[in-house]
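Each chain, letter by letter, is given below.
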Amino acid sequence: MASSVVKETLGTLNKDSYVNLLSKLIGESRYVQNNPPELIPQEDRVVKHVLDALLPLSTKTGGGPLVINHITYFTGRGNLIVEYPGTEPGKILSFVGMHMDVVTANPNEWVCLSFLMLFCADSKRFYINFIKAVHVSIVAISSRCRSCAPIDTRSFLLKSWLPTIFIGRLCEKCDGKCEFDPFSLSIDGEKLCGRGTTDCLGHVALVTELMRKLGETKLKLKSTVIAVFIASEENSAITGVGVDALVKDGLLNKLKGGPLYWIDTADKQPCIGTGGMIPWKLHVTGKLFHSGLPHKAINPLELAMEALKVIQTRFYKDFPPHPKEQVYGFETPSTMKPTQWSYPGGGINQIPGECTVSGDVRLTPFYNVTDVMKRLQEYVDDINENIEKLDTRGPVSKYVLPDENIRGRHVLSLRYLTLGRDDFRILPLSLTLTFDEATNGVACNLDSRGFHVLCKATEEVVGHVNPYSITGTLPLIREIQDEGFDVQTAGYATEILFYFGLVDTINSLQTLQAVQKIKWAVVAAI
């Protein structure tokens, strides 16, 4: 069937149907927050609404061509595979990644704004966005840029790893004090607000509407179209629940016959590269003493800074910007940096006995996290053997106390890089570097027909195509790609808002309409 006929038959997004379904899904968002052990999502609550929409058009009820398979590995935590059969065996197109769990939300930390501006930390404006009835999660209030803001505004510093300040005018109707429930859908004209609106219950609703339309129209397509709605994407503490289990059991093997579109990104543009991530924590134990007698102390703050400087310097030498990063459009190369610092507390006149520096490695997909972790191991071993050679800070700063036989050494384990306790002292100098779960990045296949079809469809609908890459991390998809799937990624929401925590608070029906047209154009072309 000609692609023009397919697109004409599919028509446009049925807004009433979509909003009705999304309202039901957002109504379940309270019960699908993913933060074990306190919050374990029950994705089957979302599955129920998807089934209510699609079962009447399925082979199970005899009402249509949709083949539906509900797969559950943990009680109440199901996955859903929906298939619309094509006419040519082996020809296939799939939409995967629409996850039915959400990040947590605290209604007491949301405030209503009618105006929003974004400023860099140096007060140079780099982005402006006018939004009505935006609900954003406030972490702290600051008057830092009050002079830059319009009259009757207040400044909000929101949780983000980016050095940016939000300037917002509180809603004139409620002065920012409305009781907004993030676990229900709020509608203001074309704008939709609520937990999961974009990440990712909005995607669940969109793809459900796509499969419903296919079931209703019974189009004769060459390619089989498969949608895979998954459990457990937002947290990996509990494994074997979602797409990892589906891949392991071979239930997605047929998807290798064509492009697999992972629907969980932003900006209506193809995302062709993502970063890997290695969370790390450096715990440093020195020797506590009065700051008036620093020669009798080992300052863990100074030691942490000097050791980290060595590790970072060697990291950037061994993992420099990769030539392919320009091809994929990465804005930053691989990085290793601290993001958090903590210590047990104490008086200002006291050199602490320990501290902890935490951070992450963000790795472009052209390097492997295992190689990086091995190299970090080498750095730690070298520091251990040459700890006296570390730079110190002042005439009495030191990391060895020979009169007390306190000197650190490093003990290495398979998972952790450790500078361990001294063999003969109860209070040793030690540094311990540990890793949380590491994730590799993804570089999509730019020669794939699926990629070219996605680009053409995007240009046709949006008016331009601008594939991008970012060192933000998408879990799960590298493992899928390594299993032989042609993974391409796409989605909606505004990328800059995504990284400031606003992605789940607002969306536009016009944007959704555009994204649905892109999907239908892809279906028509494959």
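These figures come from a predicted structure and were not determined experimentally.

1. Brief notes about the overall build of the protein
For step 1, the next point in the chain: The secondary structure content of the protein amounts to twelve helices and 26 strands.
For step 2, the next point in the chain: Within the protein, the fraction of its 526 residues that count as buried is 52%.
For step 3, the next point in the chain: Carbon and sulfur atoms form 51% of the exposed surface of the protein, whose accessible area is close to 23,500 Å².

2. Some details on the confidence of the model for the protein
For step 1, the next point in the chain: Of all residues in the protein, 74% have pLDDT values of 70 or greater, and the mean over the chain is 78.
For step 2, the next point in the chain: When the criterion is pLDDT under 50, residues 407-428 qualifies, and its contacts beyond four places in sequence or with other chains add up to 67 contacts.

3. Notes on the side chain of Thr-274
For step 1, the next point in the chain: Residue placement: Thr-274 occurs in strand E14 (residues 271-274).
For step 2, the next point in the chain: You can call Thr-274 buried: its relative accessible area is 4%.
For step 3, the next point in the chain: Leaving out residues up to four positions away in the same chain, Thr-274 has contacts with Phe-330, Pro-365, Gly-441, Val-442, Ile-470, Gly-472 and Leu-474.

4. Points about the pairing of E14
For step 1, the next point in the chain: Strand direction decides the pairing type here: E14 and strand E24 (residues 468-470), joined by three bridges, are parallel. The residue bridging Gly-273 from the neighbouring strand is Ser-469, located in E24.
For step 2, the next point in the chain: Pairing analysis gives two bridges linking E14 to strand E23 (residues 442-443), with the strands arranged antiparallel. Within the sheet, the bridge partner assigned to Thr-274 lies in E23 and is Val-442.

5. Some thoughts on the packing of helix H6 (residues 300-318) against helix H8 (residues 369-385)
For step 1, the next point in the chain: In contact at an axis separation of 10 Å, H6 and H8 are set at 135° when each is read in the N-to-C sense. Here H6 lies oblique to H8, going by the angle between them. Viewed along their axes, H6 and H8 form a crossing whose handedness is right-handed. Listed contacts from H8 to Ala-307, Val-310, Ile-311, Arg-314, Phe-315 and Asp-318 of H6 are Val-372, Arg-375, Leu-376, Glu-378, Tyr-379, Asp-382 and Ile-383.
For step 2, the next point in the chain: Of the residues assigned to the contact of H6 with H8, the class counts are eight nonpolar, no polar and five charged.

The rules behind these values
- Residues numbered from 1 in each chain as written.
- Predicted model: local features only at pLDDT ≥ 70, side-chain atom pairs only at ≥ 80, totals over all residues.
- Heavy atoms only, no water.
- Helix = DSSP H or I, 4+ residues; strand = E, 2+ residues; numbered from the N terminus.
- Buried < 20%, exposed > 50% of the residue type's maximum accessible area, 1.4 Å probe, protein only.
- Areas by Shrake-Rupley, 256 points an atom, 1.4 Å probe, with all protein chains shown as cover.
- pLDDT = per-residue confidence, 0-100.
- Contact = heavy atoms within 4.5 Å.
- Pairing = 2+ DSSP bridges.
- Axes fitted to C-alpha atoms, helices over the stretch in contact; angles between N-to-C directions.
- Parallel < 35°, antiparallel > 145°, perpendicular 65-115°, else oblique.
- Left-handed = near helix turned anticlockwise from the far one by under 90°.
- Nonpolar A, V, L, I, M, F, W, Y, C, P; charged D, E, K, R; others polar.

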